[in-house]
Amino acid sequence: MTTCPSPSNDILTPLYGSKFQFGIQKLPNLSFSVQSFQLPSVTVDVALQNTPLQTIPHRGATVNYEDLSITFVVDSKMDNYKVLYNWIMNWCDRCECCAPNNLYDVGEMTDFSDGYLNIFDPKDKSKRISTIKFIDMIPYSIGTIEFSTTNQEDTIVTATATFKFTYFMFDDEVKSYH
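Residues numbered from 1 in each chain as written. Predicted model: local features only at pLDDT ≥ 70, side-chain atom pairs only at ≥ 80, totals over all residues. Heavy atoms only, no water.

Draft legend 1. Main features of unusual backbone geometry. Phi angles above zero are rare outside glycine, and Met78 is one such case at about 65°. Locating Met78 in the fold gives a position in the loop between strand E7 (68-73) and helix H1 (79-91). The class of Met78 is partly exposed, set by a relative accessible area of 25%. (Helix = DSSP H or I, 4+ residues; strand = E, 2+ residues; numbered from the N terminus. Buried < 20%, exposed > 50% of the residue type's maximum accessible area, 1.4 Å probe, protein only.)

Draft legend 2. Structural view of the pairing of strand E5 (residues 55-58). Note: strand E4 (residues 47-50) against E5, four bridges, orientation antiparallel. Note that in E5 the partner of Ala47 across the bridge is His58. The hairpin formed by E4 and E5 contains four residues between the paired strands. (Pairing = 2+ DSSP bridges.)

Draft legend 3. Quick peek at the packing of aromatic side chains. The tally for this structure, following the rule as stated, stands at 11 aromatic pairs. Here Phe32 and Phe72 contribute two aromatic rings whose centre-to-centre distance is 5.1 Å and whose plane-to-plane angle is 85°, an arrangement assigned as edge-to-face. Here Phe32, found in strand E2 (residues 27-37), pairs with Phe72, found in strand E7; they are 40 residues apart in sequence, far enough to count as distant. Judged on exposure class, the residue Phe32 and its partner Phe72 are both buried. The side chain of Lys19 reaches across the aromatic face of Phe120, ending 5.0 Å from its centre. (Phe/Tyr/Trp six-rings, centres within 6.5 Å; stacked < 30°, edge-to-face > 60°. Lys NZ or Arg CZ within 6 Å of the ring centre and 35° of its normal.)

Keep in mind these numbers describe shape, not what the thing actually does.
This is the structure we're talking about:
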C-alpha cells in the first residue's frame, strides 16, 4: 500500500501570485517568462459494473490529461516565439513550400521534449518552491501576437502556446533544468 506524505504546516498558507518560468529540456538556453497558465486537469476513466441494484464504479486503467496552455512574454528578438513556430512546422507533415525559414535553429526539435514549469516564491522571486515536469511534450498551437502602434511603450507583448504531453509530475526533489 502506498502512503501519502503528511501535509506540512504550510498547507494552510495559500499560493499567491508568483513568478513562473517555463523551459524546454532540449533547448536549455531558452526560457519563457510565463504570465499565466492553468495546471491541466487529470481524469481517470472509470469502469462501471452493472448489477441489479446499482452500478458499481471500479478503478480505471486510463489517465487523461487536458492540454497545457501557457501565456508567455515574447522576448525582444522573438526567439521564444520563433522556436515554437519552427518546432511546430518541423513536426507536422508539410510540403517543401511550407518549410520554415529557420530564423531560430531548433536543431533536432522535430520530436518530443520534456518541459518544466518553475514556480517561485512570491516574496523571494529567486527561491524556487516547486517544479512541474511535463513529459514528452510537443507544441501544436501558438496564438496570435497583436502588433499595434497605438499600444503604450510599456505594453508587454504576449503569446499563448498549447502543448500535448504524456503526463506531468511534481519534481520538487531535484533542481530545475536552469
